[in-house]
Amino acid sequence: CDGKYASFVITRGSCPVMWEQEKSYSLSVKAHITAMPQHVLPALKLHVQEHNTVYNGTHFLNLLDDKGDERQLKLTLEECLTLLKQAGGYSHEYTALDFNAVTKNLNYEKVAQVVMRQMQTVVEDMRYFMLIPPAPGDPLCIASKQTLALRVNCQDCLNRTNLVQSVIARHVLLLVLRNMGVLEPEQELPETIDMMYRVGWADNGDNSSRQYSGAAGQAQIYLQSDKAKSKGNYMDYFRDTGRTLARKYVETWATPSTALELVLGTAESVPHWAKDTAQRLLRARRAEWTEEFPIKVLLGTWNINGGKALPASLAPWLHAAAEQGAGLVVVGFQEFVDLTASNVVLGASDKAKKGAAAKKPSSAPATAVKKEDEWSDASPAPVVVEEELGRIKIWEKLIGDGLGPNYTKLCDSKQLVGLVLCVFGTAEVQKLTPAPPMLEGIKVGFGGFAGNKGAVVARVLVADSQLCFVNSHLAAGQKGTTHRNSDFAEITKQARFADGESGTVGILDHDQVFWLGDLNYRIDLDYDECVKLCEKDSLAPMIAKDQLRQQRTEGLVFQGYDEGPLTFLPTYKYDHMTTVYDTSEKRRAPAWCDRVLWRGRGVELLEYTRAELIESDHRPVRCILQVMLKKADVEKRRKLLASLEAECFISYTNNAPMTCALDRVFPSSTPSSAPPPSMPLPPQLTAPGSTTTATAPQEAPPPPSLLDFDAPDALVDLSAGQHPSADFGASDGWATFDNSTAPAAAPAAAPAPPQQDEGWAFFDDTAAATTTTANAAKAAGTSPSTAASFGGFGGGFGGSPVGNGDGFGGDSFGAEFGSG
């Protein structure tokens, strides 16, 4: 205007921490934190350093919710920024604005008022850049400089971010026009100009949303007046619904990912199917690029009978962690609250109970009935629960005090009605943990609708090993064996976690699995006989009648799991605050209800015992294991992966078998022939030490296979004439493989579900059928249609190939471009 130039820089991006969302057809998909703040810090430093280099400084404006699923993202970001401030040398400021809470059901004008009420001082202190025309012969005159660039984020940097950016930019525009004399000091934008401004920002948000989700954004709010508010809200609901449906049920997720790679110049010549196959082969040859190291793990389980009384200390139960040098401690509670109808139906949890007064024990607590020389490590009389503290916080403090000062929480504890799982570790283990543990609740009570029975499952990554911990409460009753077996199978089937490489993983996909809890298996002897045997410390007759041992021997439950010898008395059922087995009218027979089992290689039992805490009708159980974990040699892994990718590409380009890549894992009796050379491979496809060439394909071939190469007994020859035979049932989805040459169209008979870990793989029925069709067409010399890939799109730092989590990049208004 009149030779004067002005600008104000606002950038946008997703929440700058490492997170991802599982690809899901649910309307609500929870974001999972995939890296600890200390592991995010190096990348965050680079991001802020680059931002500051370009813009002189950064002010983070965080629009995430202060409650619900976004709260964990917000807290993680704030912890990362705190670490960044402590590191020094990185100029940045921070403001949190819970946008959804403060602007609910408001039109544009009122949203602007609310936002600027909090941001006006911040924005005006930043100032803006202004250049005024110099006099002839004079140098350029800079009248004003912007001191910081404003970086705005919500979760996916779409509607909220765009709207707040438009509000802030509108305020700066007013300041600039008033400074230039275009507007009077108190004059607002003319109505026509204001509407043009809003439409411009509405189009910007609309186009950003279409690029990301395939549907329009909430453009209507920019045009709303008080009179048009109702109609505008209805339009927004329709747009929201359309965007949700497009994002979750229409898009294949392959197109945004591919487009993003092309725009950023990161698209590679290695086809996705070749990379997928190479990744599977890489996992099968894991021993070649990893080394093992030991860690001790303490597992504790205790049914606390509704927490009617608190022990003064958990040291008798957990003190062995420090004594044995355990680096990881996982503690599971059952019946953390009374399993009343209201708790079961409403799903009592630490969130629902937060702020509520904790339940007090009886004003006249019972006294322990015991001799002075008996149960020497039993706890003293219970202490009163402090009303101002939440129940979980109290028990977490008890755990921390019982373990000692060297242990801290690795994540927030997870509650599912009466089940609670807590994960603690030493500082050394925390450094080896690349991401916070992921915890999920699985309901199996009343057909899966109630959490009175079920499990809390944790996925913990330590170095390059994947550990799974299951705290479960199975069906009760002396005759409930079949129901307990069914609960175990249902928990195993339902538990799934988001995984950046393979989409989702289940319990059995982990390197080691540890299952603890009140499993409720009883002893098939009557009350009087069991009590007499307990008085004599005669365990062998009871072990012979232990239901869990019997069911495992018959292969009906916990297939492939191990358990230590039962060298301690049954842990159930005692009269409250006594050492006397049940004297009530029901006279329940003593039983080893509380157990710890494990599966996986490299696990050695060090201790399996019980502790003498008498505040419940159960006794707590402690198990200490030495577990061999894996740590990757990054350089060896990189070289092997490059070699496998090249070989996958060569093999399929020349229709040659891949036995060369598989012979170390799956020995083959048929020597492989060298593929015929015709043209050089791209540099990134040449295997180390190899000069093999291949013919470039005219069009991308179909994915070679969706088979699980982790199956140790499988031999998969990827040539045109040989294919793994498999039967894909309509319901169970199990498949087995053999080493014989057979047409792909002739499936083998469906086997029974596996009892041990013997090379079984679980398949998605649809994906498996697609693969069989593709392989059959390939064997017949035809070209099947390419199946859509359900990968995921989330470019930039923090992205994920399995969901729609965005990264550091993000669409910016005239500044940055990334994954937004």
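The shown structure was predicted, so the numbers you read here are calculated from the model rather than taken from an experiment.

Criteria and thresholds
Residues numbered from 1 in each chain as written. Predicted model: local features only at pLDDT ≥ 70, side-chain atom pairs only at ≥ 80, totals over all residues. Heavy atoms only, no water. Helix = DSSP H or I, 4+ residues; strand = E, 2+ residues; numbered from the N terminus. Buried < 20%, exposed > 50% of the residue type's maximum accessible area, 1.4 Å probe, protein only. Contact = heavy atoms within 4.5 Å. Areas by Shrake-Rupley, 256 points an atom, 1.4 Å probe, with all protein chains shown as cover. Expected span 1.5 Å × (residues − 1). Core = buried A, V, L, I, M, F, W, Y, C linked by side-chain atoms within 4.5 Å. Pairing = 2+ DSSP bridges. Axes fitted to C-alpha atoms, helices over the stretch in contact; angles between N-to-C directions. Phe/Tyr/Trp six-rings, centres within 6.5 Å; stacked < 30°, edge-to-face > 60°. Lys NZ or Arg CZ within 6 Å of the ring centre and 35° of its normal.

Here we come to the overall build of the chain. Along its length, the chain carries 23 helices and 25 strands. Sorting the 820 residues of the chain into buried and exposed places 51% on the buried side. Partitioning the contacts of the chain with sequence separation of at least 6, the portion at a separation of at least 24 is 70%. When the accessible surface of the chain is split by element, carbon and sulfur atoms take 53% of a total near 37100 Å².

Its 18 residues place the ends of helix α2 (residues 70–87) 26 Å apart at the C-alpha level, agreeing with the 26 Å of an ideal helix rising 1.5 Å per residue. Just downstream of α2, Gly 88 is the residue with a positive phi angle, here 75°.

Side chains of nonpolar character tend, in soluble globular proteins, to be buried together. Residues Leu 299, Leu 328, Phe 469, Phe 514, Met 542, Leu 625 and Val 627 are the most contacted members of the largest nonpolar core, which totals 51 residues. With 31 residues, the next largest nonpolar core counts Phe 99, Leu 150, Val 164 and Ile 168 among its residues.

Looking now at the sheet that holds strand β7 (residues 129–132). Spatially, β1-β7-β8 is the arrangement adopted by the 3 strands of the open sheet, whose pairing is antiparallel. Either end of the sheet is taken by a strand with one partner, and the two such strands are β1 (5–7) and β8 (141–144). Between one strand axis and the next, the sheet turns through 20° on average, direction left out of account.

In this section: the packing of aromatic side chains. Two measures describe an aromatic ring pair: the distance that separates the ring centres and the angle between the ring planes. Tallied over the entire structure, the rule returns 16 aromatic pairs. Look at Phe 333 and Phe 336: their rings are 6.1 Å apart centre to centre, the planes differ by 45°, and that puts the pair in the tilted class. We classify Phe 333 as buried; its relative accessible area is 0%. Using a relative accessible area of 1% as the deciding quantity, one classes Phe 336 as buried. Here the aromatic rings of Phe 488 and Trp 515 are separated by 4.9 Å at their centres, their planes lie at 50°, and the arrangement is tilted. One end of the pair, Phe 488, is in helix α17 (residues 481–494); the other, Trp 515, is in strand β20 (residues 512–518), and 27 residues separate them in sequence. For Phe 488, a relative accessible area of 6% puts it in the buried group. Judged by its relative accessible area of 0%, Trp 515 falls in the buried class. Connected via pairs of aromatic rings, a cluster forms that spans Trp 302, Trp 317, Phe 333, Phe 336 and Trp 395. In this structure, Arg 391 is placed above the aromatic ring of Phe 336, and the distance from its NZ or CZ to the ring centre is 5.3 Å. The ring of Tyr 574 has Arg 619 sitting right over it, with the charged end atom 3.9 Å from the ring centre.

The residue after Tyr 572, namely Lys 573, is reached through a cis peptide bond having omega 0°. Among the structural elements, Lys 573 can be located in the loop between α20 (547–553) and β21 (594–599). You will see that Arg 127, though not glycine, has its phi angle at about 65°, which is positive. Relative to the helices and strands, Arg 127 resides in the loop between α4 (108–126) and β7. Non-glycine residue Asn 305 carries a positive phi angle of around 55°. Along the chain, the position of Asn 305 falls in the loop between β10 (290–303) and α11 (315–318).

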